[in-house]
Amino acid sequence: MSDPGLMSDDVVDDVVDDGRFDRLRATATFADAAHEHWMQATLAVVGVGVLGSLFAREASRSGTHIDLYDFDIGEAHNKGNQPVEVGEPKAEAIARLCNSIAPGSARAHVEDIRHVGAGSFEHIALIVDCTDDAALALPLTELSNGWGIPLLRLAVDGSGRLELGRVLVSHGGQGHACQLCASSWKDVFDPGARTPCLGDEKQQAPTNAGSALAMSVAGLGLLYAQRLVGGNGSDRILDEEVIVDLDTPGILPMKLRRNEECLSGHTRFDPTHLDRSAANTTVKELFWLARIALEDSRNPGPLQEISLAFRGHPILLGVACPGCGLELVRPGTFWRPAPECPRCGVVMERRRDAALDHMNQAQARALGLADTSCEALGLPTKGALVIARAPGYSPVQLLFA
Ligand SMILES: [Zn+2]
Ligand SMILES: [Zn+2]
């Protein structure tokens, strides 16, 4: 594997401006200060397959910065429509491509987006979901609503039968429709509609689509991204979903309506920023930090039982052996590595059937978690968001460094 491009801990550079953007700035999209906003922004592109790779390449060429998220590894069947290498993480291949065009423009994150802390998105200008994974609709909408940043969803019909795609613009944190405003609980939580997590046996259905359709959808998505971030013409595209039909052919815009009863709650993040990481904070210390933050919120009355909820990371209580069937209590989030089976040595699996959405101090002690670091519990290493509640108090949010 050659130079993998910038990795997640590297600092993105200033974009080289040697006259290459002069003609972009002469367009209505980038007129006035819009291209300056675009150059100063960082976009999060989630999924760098057939759509994300095209979007990222042209976005970075036009002067912006990109964080690329994808845990997928390139395979031979990807090479017909994606610039990836067999055996190399896709995010690294695409980051290298972007950085060869615009040095310092892209960072690779070979991670599952569900295990990336909310703090990683605090200073992102736009999230671009190129996964078409229904299981990501809620977590990405929460990030968009939470930080008040727009979310673009790009998708192609992956059945291989239709040259059909779509671009959905949502911005629930700023008073517009979010992408879940028209969804029911069943749409979002029906197991049959969801694709599995990383590590599950079942694989997501392959996306059977060619570059021609992907270029059309990524092209429309890029224009919308430039308008949303640059500011020119963004009013015209909010609350909109556009169907791109290359068979008919036609482009069909549809209006999205904000639903105040939306299941996402359109909840904004307003966290207390902790100056410590999940790695050097135990669960016991986190309860102590939560107590300070709740007391600072100056609610009346005595502070009684505190409970903590970890965003996107419920505490799963048990593990089971896929070999011999042994079941043990070994609490941790889905991301905490499961132990080897003491009976047959096979690596055990986390069970999802018994979970705590929130945990109080007595539960933490009973489960033997008080002295466990929050990272070892299975929280993201950086930027995990924790919600602390106590009876009679407004909840407070704590954001790890
Ligand atoms: Zn909504
Ligand atoms: Zn076993």
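In this text the structure is predicted, and so the values were computed from the model without any measurement. Residue positions within a chain follow its written sequence, with the count starting from 1. Each chain takes a letter, starting from A, and each ligand takes a number, starting from 1, following the order in which they are written. pLDDT decides what is reported in this predicted model: residues at 70 or higher carry local features, side-chain atom pairs at 80 or more are listed and counted, and totals for whole chains, interfaces and linings draw on all residues regardless. Only hydrogens and water are set aside; all other atoms, that is, all heavy atoms of the structure, feed into the side-chain values.

A.B. asks: Teacher, can you tell me more about the overall build of the protein chain here?
C.D. replies: Broken down by element type, the protein chain carries nine helices and 18 strands. Throughout, the radius of gyration refers to the C-alpha atoms, and the reference size of a globule is 2.2 Å times the residue count to the power 0.38. Against the 2.2 N^0.38 benchmark of 21 Å for 401 residues, the protein chain shows a C-alpha radius of gyration of 22 Å, consistent with a compact globule. Referenced to the eigenvectors of the C-alpha coordinate spread, the extents of the protein chain come out at roughly 65 × 55 × 40 Å. Here, residues are in contact when the closest pair of their heavy atoms is within 4.5 Å. Looking at the protein chain alone, contacts between residues at least 24 apart form 66% of all its contacts between residues at least 6 apart. Surface exposure here means Shrake-Rupley accessible area, sampled with a 1.4 Å probe, where a residue is shielded only by the protein chains that are shown. Here the protein chain has roughly 18,600 Å² of accessible surface; of this, 51% comes from carbon and sulfur atoms. Two residue types count as positive, namely Lys and Arg, and two as negative, namely Asp and Glu; His and chain ends fall outside the count. Throughout, a charge is located at the NZ atom of Lys, the CZ atom of Arg, the CG atom of Asp or the CD atom of Glu. Averaging the locations of the 36 positively and 52 negatively charged side chains of the protein chain gives two centres separated by 3 Å. A helix here means a DSSP run of H or I that spans at least four residues, while a strand means a run of E at least two residues long, and both kinds are numbered starting from the N terminus.

A.B. asks: Mind showing me how you'd approach the coordination of the zinc ion (ligand 2) here?
C.D. replies: Six octahedral donors at a metal ideally form angles of 90 or 180 degrees, and four tetrahedral donors ideally form angles of 109.5 degrees. Here the coordinating atoms are restricted to nitrogen, oxygen and sulfur within 2.8 Å of the metal centre, or 3.2 Å for Na, K and Ca, and because water is not among them the sites may look incomplete. Taken together, the protein ligands of the zinc ion (ligand 2) are Cys321 (SG), Cys324 (SG), Cys341 (SG) and Cys344 (SG), with distances of 2.3 Å. Classification of the site at the zinc ion (ligand 2) rests on its four donor atoms, whose angles at the metal span 99 to 123°, yielding the label tetrahedral. Expressed as a motif, the donor residue spacing for the zinc ion (ligand 2) is C-x2-C-x16-C-x2-C. Of the two residues, Cys324 is situated in the loop between strand S12 (315-320) and strand S13 (327-332) and Cys344 in the loop between S13 and strand S14 (349-350); the sequence distance between them amounts to 20 residues. To sort residues, take the accessible area from a 1.4 Å probe on protein chains only and compare it with the maximum for the residue type: under 20% means buried, over 50% means exposed, and anything in between is partly exposed. What makes Cys324 partly exposed here is its relative accessible area of 32%. With a relative accessible area of 39%, Cys344 lands in the partly exposed category. For four-coordinate sites, all angles between 85 and 135 degrees define a tetrahedron; for four- and six-coordinate sites, opposite donors beyond 155 degrees with the remaining angles between 65 and 115 define square planar and octahedral shapes respectively, and all other cases count as irregular.

A.B. asks: Is there a simple way to explain the coordination of the zinc ion (ligand 1) in this structure?
C.D. replies: Around the zinc ion (ligand 1), the protein supplies Cys178 (SG), Cys181 (SG), Cys262 (SG) and His266 (NE2) as donor atoms, at distances of 2.1 to 2.4 Å. Given four donor atoms and angles of 96 to 121° at the metal, the environment of the zinc ion (ligand 1) is assigned as tetrahedral. Sequence spacing among the residues donating to the zinc ion (ligand 1) works out to C-x2-C-x80-C-x3-H. A residue pair is termed long-range when its members are at least 10 positions apart, and Cys178 in the loop between strand S7 (164-170) and helix H5 (185-189) and His266 in the loop between strand S9 (250-255) and strand S10 (272-273) qualify at 88 residues. In this structure Cys178 comes out as buried when scored by relative accessible area, which is 3%. What makes His266 buried here is its relative accessible area of 10%.

A.B. asks: Explanation requested: the domain arrangement of the protein chain in the structure shown.
C.D. replies: As annotated, the domain borders come from an automatic or database domain assignment. As assigned here, the protein chain comprises domain 1 (6-255) and domain 2 (272-399). Here domain 1 and domain 2 have C-alpha centroids that lie 31 Å from each other. Counting residues at the interface gives 17 residues for domain 1, matched by 15 residues for domain 2. Between domain 1 and domain 2, roughly 1,100 Å² of surface is buried when both sides are summed, and carbon and sulfur atoms account for 53% of that area. Here, a salt bridge means any side-chain nitrogen of Lys or Arg that lies within 4 Å of a carboxyl oxygen of Asp or Glu. Our count for the domain 1 to domain 2 interface comes out at one salt bridge. Between Arg311 and Glu142 there is a salt bridge, and its shortest N-O distance comes to 3.7 Å. Throughout this description, a polar contact denotes any pair of N or O atoms lying within 3.5 Å of each other; where both atoms belong to protein, one of them has to be capable of donating a hydrogen while the other can accept it, and for residues adjacent in sequence the pair is counted only when both atoms sit in side chains. Taken together, the links from domain 1 to domain 2 amount to five residue pairs in polar contact (both at pLDDT 80 or more). What counts as buried area is the accessible surface, traced by a 1.4 Å probe, that two parts surrender upon association, with contributions from both included.

A.B. asks: Before we go on, may I ask you to explain the packing of aromatic side chains in this structure?
C.D. replies: Note on aromatic contacts: the rings of Phe and Tyr and the six-membered ring of Trp form a pair at centre separations within 6.5 Å, being stacked when their planes are under 30 degrees apart, edge-to-face when over 60 apart, and tilted otherwise. Per the stated rule, a full pass over the model turns up four aromatic pairs. Look at Tyr69 and Phe121: their rings are 5.6 Å apart centre to centre, the planes differ by 25°, and that puts the pair in the stacked class. One end of the pair, Tyr69, is in strand S3 (residues 65-69); the other, Phe121, is in the loop between strand S4 (106-109) and strand S5 (126-129), with 52 residues separating them in the sequence. For Tyr69, a relative accessible area of 3% gives the class buried. When its relative accessible area of 0% is taken as the criterion, Phe121 is described as buried.

A.B. asks: Is there a simple way to explain helix H6 (residues 211-230) in this structure?
C.D. replies: Each α-helix winds once per 3.6 residues, and so residues spaced three or four apart point in a common direction. For a helix, the expected span equals 1.5 Å multiplied by the number of residues minus one. When the terminal C-alpha atoms of H6 are compared, their 27 Å separation across 20 residues agrees well with the 28 Å that a helix rising 1.5 Å per residue should span. By the criterion of burial, H6 is predominantly enclosed, with 14 of the 20 residues buried. Where H6 terminates, the next one or two residues include Gly231, which has phi positive at roughly 100°.

A.B. asks: It is not clear to me how the sheet that holds strand S11 (residues 307-310) should be interpreted in this structure. Could you clarify?
C.D. replies: Pairing between sheet strands relies on hydrogen bonds along the backbone, with the strands arranged either parallel or antiparallel. In this analysis, strands are considered paired if DSSP registers two or more bridges between them. An order of S10-S18-S17-S11-S16 is seen for the five strands of this open sheet, with the pairing classed as mixed. Here the strands that pair on one side only, and so sit at the sheet edges, are S10 and strand S16 (359-360). Taken together, the four bridges between S11 and strand S17 (residues 385-389) define a ladder with antiparallel strand orientation. The residue of S17 that forms the bridge with Leu308 is Ala388. To obtain an axis, a line is fitted to C-alpha atoms, over the contacting stretch when the element is a helix, and the angle between two such axes runs from 0 to 180 degrees between their N-to-C directions. Across the sheet, helix H8 (residues 283-296) touches S10, S11, S16, S17 and strand S18 (396-399), and the angle it forms with S18 is around 130°.

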